[in-house]
Amino acid sequence: MLDLPLYLAFVAAALALCVTPGPDMMFVVAMGGRGGPATGVMAALGVAFGATVHAVAAMLGLSSVFAHLPVLYHVLRWAGAAYLVLLAVQAFRDRSPLGADGTDGTGDGGGEADGAASGRLRAFWKGAVTNLLNPKVIMFNIAFLPQFVNPGLGHVTGQFLVLGVTLVAVGLAVDASVGVLAGRLAALLRRSRRVARGLNVFSGAVFGALAVRLVTAPD
């Protein structure tokens, strides 16, 4: 069902794209920096969930709707920017010396464990929503995936599925690793209230910059 040389070229291209710092990676870094390694991984899982939805949409041809209805593209782009601005405001207003979930990440005690689990779940959904509200990801799937599909082999839908799953898996591996690294580095510094505040400001700046990039980058 797959053209092996073409598939290997796709894996190489996907890896090159995923290791290049971009909006998703910066989002995961910001979340890991605020909440710790587990929060960074959950944010990466959320991004992967959103990427999976985009890949399935591309496979089913639903993403082509944006090519015919440009207004939907712009509506989604501004909604994504507004959501990122909201995350930036929340980060700037956060005065907690601990993680983004309000715990120290140790999980000691039922209340702290519940708080950590809740914070990580929020990180997952923030990652998912941020990715889903980025129309550029949709357009990327439309432009990128078909280049590695060989219609002559048949099973075009199946080829799209394999390529989409591969792209998501590569992206998750890279983003999760980055999230863990960012969380561990931040954990070494988070005992200081001043440093913790600086991490929150950094996260807010990242979210704000991503919002500006989303609405100003060329279509």
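Residues numbered from 1 in each chain as written. Predicted model: local features only at pLDDT ≥ 70, side-chain atom pairs only at ≥ 80, totals over all residues. Heavy atoms only, no water.

**Student:** So, the overall build of the protein chain: which residues are in play, and what are the values?
**Tutor:** Helix and strand counts for the protein chain stand at nine helices and zero strands. Along the chain direction, N to C, the helices and strands of the protein chain fall in the order α-α-α-α-α-α-α-α-α. Counting the 219 residues in the protein chain, one finds 43% classified as buried. Considering only intrachain contacts with a sequence separation of at least 6, the fraction spanning at least 24 residues in the protein chain is 82%. Total accessible area on the protein chain stands at roughly 10,700 Å², and carbon and sulfur atoms take up 71% of it. (Helix = DSSP H or I, 4+ residues; strand = E, 2+ residues; numbered from the N terminus. Buried < 20%, exposed > 50% of the residue type's maximum accessible area, 1.4 Å probe, protein only. Contact = heavy atoms within 4.5 Å. Areas by Shrake-Rupley, 256 points an atom, 1.4 Å probe, with all protein chains shown as cover.)

**Student:** Summarise the confidence of the model for the protein chain; cite the residues concerned and give the values.
**Tutor:** Looking at the protein chain, the pLDDT average stands at 80 and 81% of residues meet or exceed 70. Put simply, helix α4 (residues 65-68) is where the protein chain has its lowest mean pLDDT, 65, and helix α3 (residues 37-60) is where it has its highest, 91. pLDDT under 50 marks residues 98-110. Its contacts with residues more than four places away, or in other chains, come to 24 contacts. (pLDDT = per-residue confidence, 0-100.)

**Student:** So what about helix α2 (residues 23-35)? Which residues, and what values?
**Tutor:** Turn by turn, an α-helix covers 3.6 residues, leaving residues three or four places apart pointing in a common direction. Under the 1.5 Å per step criterion, the end-to-end length of α2 is 18 Å for 13 residues, consistent within 8% with the ideal 18 Å. Every buried residue of α2 is listed here: M25, F27, V28, V29, A30, M31, G32, G33, R34 and G35. After α2 finishes, the residue G36 shows a positive phi value of roughly 100 degrees. (Expected span 1.5 Å × (residues − 1).)

**Student:** Would you mind going over the packing of aromatic side chains in detail, with residue names and values included?
**Tutor:** Overall, the coordinates contain four aromatic pairs when judged by the stated rule. For the ring pair F10 and F148, a centre distance of 5.2 Å and an interplane angle of 70 degrees mean the geometry is edge-to-face. Pair noted here: F10 is in helix α1 (residues 4-19) and F148 is in the loop between α7 (135-144) and α8 (156-189), with a separation of 138 residues, a long-range link. A residue is classified by how much of its surface remains accessible, and F10, at 0% relative accessible area, is buried. With a relative accessible area of 13%, F148 lands in the buried category. A ring pair is formed by F49 and F124, whose centres lie 5.9 Å apart and whose planes are at 50 degrees; its orientation type is tilted. (Phe/Tyr/Trp six-rings, centres within 6.5 Å; stacked < 30°, edge-to-face > 60°.)

**Student:** Break down the packing of α2 against α3 for me, citing the residues and quoting the values.
**Tutor:** Here α2 crosses α3 at 150 degrees, and the two axes come no closer than 7 Å. Considering their axes alone, α2 and α3 lie roughly antiparallel with respect to each other. Relative to α3, α2 is oriented so that their crossing is right-handed. Counting all contacts with α2, which are made through D24, F27, V28, M31, G32 and G35, the residues of α3 involved are T39, G40, A43, A44 and V47. (Axes fitted to C-alpha atoms, helices over the stretch in contact; angles between N-to-C directions. Parallel < 35°, antiparallel > 145°, perpendicular 65-115°, else oblique. Left-handed = near helix turned anticlockwise from the far one by under 90°.)

**Student:** Run through the nonpolar core, naming residues and quoting values.
**Tutor:** Among the nonpolar cores identified, the biggest contains 23 residues, and F27, M31, A43, L84, L87 and F207 are the most heavily contacted of them. Counting residues per element, the ones that place at least two in this core are α2, α3, α5 (70-93) and α9 (193-216). Per-element tally for this core: the top contributor is α5, with seven residues. Apart from the residues lying within four places of it in its own chain, the contact partners of L87 are F27, K126, T130 and F207. If you look at the next biggest cluster of nonpolar residues, it comprises 18 residues, including L163, L167, V170 and A182. (Core = buried A, V, L, I, M, F, W, Y, C linked by side-chain atoms within 4.5 Å.)

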